[in-house]
Amino acid sequence: MEPASVRKHSLLSMIARNGGHGEHSPYFDGWKAYDRNPFHPTQNPDGVIQMGLAENQLSFDLIEEWIKNNPTASICTPDGVGKFKDVAIFQDYHGLPEFRQAIAKFMGRVRRGKATFDPDRIVMSGGATGASETLIFCLADRGDAFLVPSPYYPAFDRDLRWRTGVRLIPFACDSTNNFQVTLAQMESAYAKAIEANINVKGVILTNPSNPLGINLSKETLTSLLSFTFEKNLHMVCDEIYSATVFKSPAFTSIAEVMQETECNPDLVHIIYSLSKDMGLPGFRVGIIYSYNDQVVNCARKMSSFGLISSQSQHLLASMLSDEVFIEKFLEENSRRLGKRHSRVVEGLKQEGINCLEGNAGLFLWMDLRHLLKEPTPDAEMELWRVIIKDVKLNVSPGSSFHCPEPGFFRVCFANMDDHTVEVALQRIREFVSKGNKNGDDKKHWRKRDLRLSFTSRKCDESLISPRQIMSPHSPVPQSPLVRART
Amino acid sequence: MRLVVPLRGIVGGRGGLILGTFVPCALFCYLHIRRLRFLATRRVSERAEPIAKAEESPYYVGLGRVSQDPFDEVANPNGIIQLGLSENRLCLDLIEEWLSENLTGAMIGHGGDKRHLGIGGITGYQPHDGVTELKEAMAGFMSQVMGGEISFDPSRIVLTAGATPAIEILCYCLADPGDAFLVPTPYYPGFDRDMTWRTGVELIPVHCHSADNFILSIAALQQAFNQARKRGQRVQGILISNPSNPVGNLLPQKTLHDILDFARNKNIHIISDEIFAGSIHGNEEFFSLAKILDAENFDKSRAHILYGLSKDLSLAGFRVGVIYSYNDDVLAAAKKLTRFSSVSAPTQRLLISLLSDTSFIGRYLETNRKRIRKMYDIFVSGLKEIGVKYVDSSGGLYCWVDMSGLMHSHSVKEELELWDKLLNVAKVNATPGSACHSIEPGWFRCCFTTLSEGNIRIAIERIRKVAEMHKSSR
């Protein structure tokens, strides 16, 4: 707690002064290591490979081809420039009607027609980041809390809490049942929170899960929805990975479950985005879909703080309405994700490394418990530092996702090409075999100096693959900008 | 808790203790709890409730009415003419022409480094506060807008999805809930929402008067500051808009010096919203805060400039705002907050090309100023013809018009009645001064840059009819 004198004389707000942005966390060491020494196949083959960025780059050629073949969708082409004036001046926070219709249709298509969406409930926001923050502003006041199953996406701590002042109460899922969320766990967490006099406003589920890469089953969703209905809690479902499912079981959306279970629609809300499913994080397309009219109304007004560029709305309205293309894209995208997932899982398995049986997402949940000195968070951090320093892979330690069980790591696989995947697998192979060769001194690396020290080598922009630039996790100031000043 | 129901049973003396008291009590409690549960499920958070409520400010009501019944010369000649939205449609043709000539296939890797111009460079995550090349292009553009006399440092630029999040982010960085900003009146109605809705910050109006040509007086600033202090409220800064919205005047150099001195003495921030800097159509010299700070030896650590492309470049839909801060800590904090409000990547890519074409931008800015002036001249000469006064201004896309002559008395009530008459009878949407916190009733902001010359004349004619109605009703 700051002394009153600090606040009295401070030129900056508390938000600007406090660490609510989370970037002082040691977990960003991995990002820093990558930013200082990024892998490049020819120019820096010994650099750190980025496996901590959940970006879908596997299907962007399909998008690129579509744009080439549909010049009217872009206002930057002779065919499309006629729309420029109308698009440029359009700032209505309802969004372009054709954009809302296209998004609604696309969301329905991703759910294989099992649910339909009303374009008038589509509210825009600045990426999923903006969408989730805005929704929380609408649903909860300072000090209110949401239950969240862990492991969960680390940036929720920042996005959902920093400016809103809302609390997150994690309840742990663990390997004993393959990290499945159960009703019993949620009930227990809720009871504990109520006992501690915490005002629980709702529950946040990420489905498919980040970092686990698995769906929630229909039965589980149904029971959780019933529970929230019974306790009068909001049910917020982050479904931004809904089209990244590449294997059964098929994705079940809360929108589908609502139709078959007694619930209060005013309590159900979906967060969506095109950043993962379509691989377009740069477009900043975040969507709030709420079944509560007041929330829609309020969120829509707040969307002024993060409207989607009308230029992007216009382009995406065309693209998402092209049903033939979307059908092909969704199928091919799933296929490529599945293929990549299999390759990485297989490669790891050959080295005796298992992963949680995943069927969705842009990552896998790798089990390295057998490599830990002891089953503690410190041992996990130690292992992680070795992976970054010696194996030169930036993977994300489970503790950054609030995973209660040490030894798990999230490995992203969709943000690189095939060659880079093979390099990464090769490095793991070498690391594991080095460990095996040393017999009794099996985990000799554990005794080495594991402090990370960074060279003063500057990050040359030409070494950065244009596909591996920034992520919502990286706190490092854009190095080219720093360079421009010196 | 209402005691009427249970008490009735007792007072009425009917049914005895059980039927007269207990049963009604139980029924009442059951219904009350059900109602609470109903309310709890339906309502949004407490802080969101006022936002969810229907917008009452005439500024928003008027905009809403126009969208339901918009004037169109051909399709809807009896619709409402929009004078309430400060948008500029006069020079979009120039940008359209530039696009046709310059950006064929820019989205898909035409020319140069394919990765750079092609879609591969724009689909992925970008720095939240904007890519370096756009910051550099924006710095150059802002410099051109301000007459080429000041240079802006790209590393002091934070790009946001429009000026709306820019000002909110700045408030989040500079003030805590309950803190206040001093804002000279009349001011842009949107500030009330953008700066206070979620931040918990308050705005303290500092009234300016027609006698001073609506220029801020330091004495008024001092008084407002002292009163806030007496209330125990922490004032964190002053927000000025220059060129001013809704009046359209430019702050004199001396006034800016005085404001800077005041801010330094009180150790508070100064935010200068200069979003109309490229829309200066008169001959008066414009002093950007940047110009003053460049030239004089003022402490810069509390100075911040807001900018955006919605007005000067008419690109309101593209959502591009700028925070320009001289304070490194504020910059660092603001950059982190842009994660919620970043500029869309394809738009960044397009703008890098557009803003870097400095010779086109030079021609554009000059033509834009001329065209705004032309419309201004037509509008004010129309006002003169019908005997309506206005403030002679040099900047902005609007005119600050004195319609008190069309009112029976100088009151906000009369002003709102006149607004209603203009909107619903004359079918003209102008923004009443009370929505802008003007202390003098009767002033209206009329924007004229969304209309053709012919439509301006139609608008004037409609206002004339109201003036005549008023004369004959006296």
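For the structure itself, look to the data block above.
Cut-offs and rules
- Residues numbered from 1 in each chain as written.
- Chains lettered and ligands numbered in written order.
- Predicted model: local features only at pLDDT ≥ 70, side-chain atom pairs only at ≥ 80, totals over all residues.
- Heavy atoms only, no water.
- Helix = DSSP H or I, 4+ residues; strand = E, 2+ residues; numbered from the N terminus.
- Buried < 20%, exposed > 50% of the residue type's maximum accessible area, 1.4 Å probe, protein only.
- Contact = heavy atoms within 4.5 Å.
- Areas by Shrake-Rupley, 256 points an atom, 1.4 Å probe, with all protein chains shown as cover.
- Pairing = 2+ DSSP bridges.
- Axes fitted to C-alpha atoms, helices over the stretch in contact; angles between N-to-C directions.
- Salt bridge = Lys/Arg side-chain N within 4 Å of Asp/Glu carboxyl O.
- Polar contact = N/O pair within 3.5 Å; in protein donor to acceptor, adjacent residues only side chain to side chain.
- Nonpolar A, V, L, I, M, F, W, Y, C, P; charged D, E, K, R; others polar.
- Parallel < 35°, antiparallel > 145°, perpendicular 65-115°, else oblique.
- Left-handed = near helix turned anticlockwise from the far one by under 90°.
- Patch = residues over 30% accessible without salt bridge, like charges linked within 9 Å, V, L, I, M, F, W, Y side chains within 5 Å.
- Phe/Tyr/Trp six-rings, centres within 6.5 Å; stacked < 30°, edge-to-face > 60°.
- Lys NZ or Arg CZ within 6 Å of the ring centre and 35° of its normal.

A. Representation of the overall build of chain B. Scanning chain B from N- to C-terminus turns up 18 helices and 13 strands. Of all 474 residues assigned to chain B, the portion counted as buried reaches 61%. Once local pairs closer than 6 in sequence are excluded, the contacts in chain B between residues at least 24 apart make up 73%. Surface exposure of chain B reaches about 18,400 Å², of which carbon and sulfur atoms provide 52%.

B. Expanded view of the overall build of chain A. Scanning chain A from terminus to terminus reveals 17 helices and 13 strands. The proportion of buried residues among the 486 residues of chain A is 64%. A separation of at least 24 residues holds for 75% of the contacts in chain A among residues at least 6 apart in sequence. Carbon and sulfur atoms make up 50% of the accessible area of chain A, which totals about 18,100 Å².

C. Focus on the sheet that holds strand β10 (residues 363–367) of chain A. Residues and elements named next belong to chain A. A sheet is described by the order of its strands in space; here 4 strands give the open sequence β9-β10-β13-β12, paired in antiparallel fashion. What marks the edges here is a single partner per strand, and that holds for β9 (354–355) and β12 (396–397). Inspection of the sheet shows β12 paired to strand β13 (residues 408–412) by 2 bridges, in the antiparallel sense. Directly across from Ser396, in β13, lies its bridge partner Arg410. Helix-sheet contacts for helix α14 (residues 323–350) involve β9 and β10, and the interaxial angle to β10 is about 15°.

D. Local environment of the interface of chain A and chain B. Counting from both sides, the interface comprises 97 residues of chain A and, opposite them, 90 residues of chain B. For the pair chain A and chain B, the number of links is 4 salt bridges. A:Lys85 is paired through a salt bridge with B:Glu96; the nearest N and O atoms lie 3.8 Å apart. Linking chain A with chain B are 25 residue pairs in polar contact (both at pLDDT 80 or more), by the criterion used here. With 7 residues, helix α7 (residues 127–139) of chain A is the single largest residue contributor to the side of chain A that touches chain B. Residues of the side of chain A that touches chain B, tallied by class, amount to 47 nonpolar, 30 polar and 20 charged.

E. Molecular detail of the packing of helix α6 (residues 97–110) of chain A against helix α13 (residues 310–321) of chain A. Residues and elements named next belong to chain A. Axis separation between α6 and α13 bottoms out at 8 Å; the angle between their running directions is 40°. Classified by the interaxial angle, the pair formed by α6 and α13 is oblique. Where α6 crosses over α13, the handedness of that crossing is left-handed. Contacts between α6 and α13 pair Glu98, Phe99, Ala102, Ile103, Lys105 and Phe106 from the former with Gln313, Leu316, Ala317, Leu320 and Ser321 from the latter. Across the contact of α6 with α13, the residue classes tally to 7 nonpolar, 2 polar and 2 charged.

F. Structural detail: a nonpolar patch on the surface. Residues and elements named next belong to chain B. A contiguous nonpolar patch, built from Leu19, Phe22 and Val23 and spanning about 320 Å² of accessible area, is present on the exposed surface. Structurally, the position occupied by Phe22 is in helix α2 (residues 16–42). Exposure remark for Phe22: the relative accessible area of 56% places this residue in the exposed category.

G. Up close: the environment of B:Leu331. All names here are of chain B. Secondary-structure assignment places Leu331 in helix α14 (residues 328–337). Measuring from C-alpha to C-alpha, the distance between Leu331 and Cys173 comes to 8.9 Å, with 158 residues separating the pair along the chain. Those residues in contact with Leu331 that sit more than four places away from it in its chain are Ser155, Arg156, Val158 and Ser325.

H. Inspection of the pattern of salt bridges at higher detail. Tallying each qualifying case throughout the model produces 46 salt bridges over all chains. Here A:Glu422 and A:Arg343 are joined by a salt bridge, their closest N and O atoms 2.8 Å apart. Highlighted residues: A:Glu422 in helix α16 (residues 418–437) and A:Arg343 in helix α14, separated in sequence by 79 residues. Classification of A:Arg343 as partly exposed rests on a relative accessible area of 24%. When the shortest N-O distance is used, the salt bridge between B:Arg464 and B:Glu461 registers 2.3 Å. Here B:Arg464 and its partner B:Glu461 are both found in helix α18 (residues 453–473), 3 residues apart, which amounts to about one turn of the helix. On the basis of relative accessibility, which here comes to 26%, the residue B:Arg464 falls in the partly exposed class.

I. Spotlight on unusual backbone geometry. Cis geometry marks the peptide bond from A:Ser150 to A:Pro151; its omega dihedral reads 5°. Examined against the element boundaries, A:Pro151 turns out to sit in the loop between β3 (145–150) and α8 (156–159). For the peptide bond that leads from B:Asn245 to B:Pro246, omega is 20°, which places it in the cis range. Among the secondary structure elements, B:Pro246 is positioned in the loop between β5 (235–241) and α12 (253–266). You will see that A:Lys392, though not glycine, has its phi angle at about 60°, which is positive. Positionally, A:Lys392 belongs in the loop between α15 (377–391) and β11 (393–394).

J. Quick look at the sheet that holds β3(A). Residues and elements named next belong to chain A. One open sheet holds the 7 strands; their spatial order is β2-β8-β7-β6-β5-β3-β4, and the pairing between them is mixed. In this open sheet, the two strands that pair with only one neighbour each are β2 (122–126) and β4 (167–172). Averaged over all pairs of adjacent strands, the angle between their axes in this sheet comes to 25°, without regard to strand direction. Strand direction decides the pairing type here: β3 and strand β5 (residues 200–206), joined by 3 bridges, are parallel. Paired with Phe146 across the strands is Gly202, a residue of β5.

K. Looking closely at the packing of aromatic side chains. Going through the model one piece at a time under the given rule, you end up with 31 aromatic pairs over all chains. Where A:Trp365 meets A:Phe408, the ring centres are 5.7 Å apart and the plane angle is 5°; that geometry is what we call stacked. Here A:Trp365 is found in strand β10, whereas its partner A:Phe408 is found in strand β13, with 43 residues between them in sequence. The exposure class assigned to A:Trp365 is buried, which follows from its relative accessible area of 0%. Here the aromatic residues B:Tyr59, B:Tyr60, B:Tyr187, B:Tyr188 and B:Phe191 are joined through ring pairs into a cluster of three or more. Here the basic side chain of A:Arg111 rests over the ring of A:Tyr272, its NZ or CZ set 5.7 Å away from the ring centre.

L. Molecular detail of the environment of B:Gly308. Residue and element names in this part refer to chain B. Structurally, the position occupied by Gly308 is in strand β7 (residues 303–308). C-alpha separation for the pair Gly308 and Leu203, spaced 105 residues apart in sequence, amounts to 22 Å. Excluding residues within four positions of it along the chain, Gly308 makes contact with Ile275, Val320, Gly321 and Val322.

M. View of the pairing of strand β8 (residues 285–290) of chain A. All names here are of chain A. With 6 of its 6 residues buried, β8 lies for the most part within the structure. Across 5 bridges, the pairing between β2 and β8 is antiparallel. From the neighbouring strand, Ser125 faces β8, where its bridge partner is Gly286. Sheet topology places strand β7 (residues 268–273) next to β8; 5 bridges connect them, and they run antiparallel. Bridged to Ile270 within β8 is Tyr289.

Everything listed is a geometric property; what it means functionally is a separate question.
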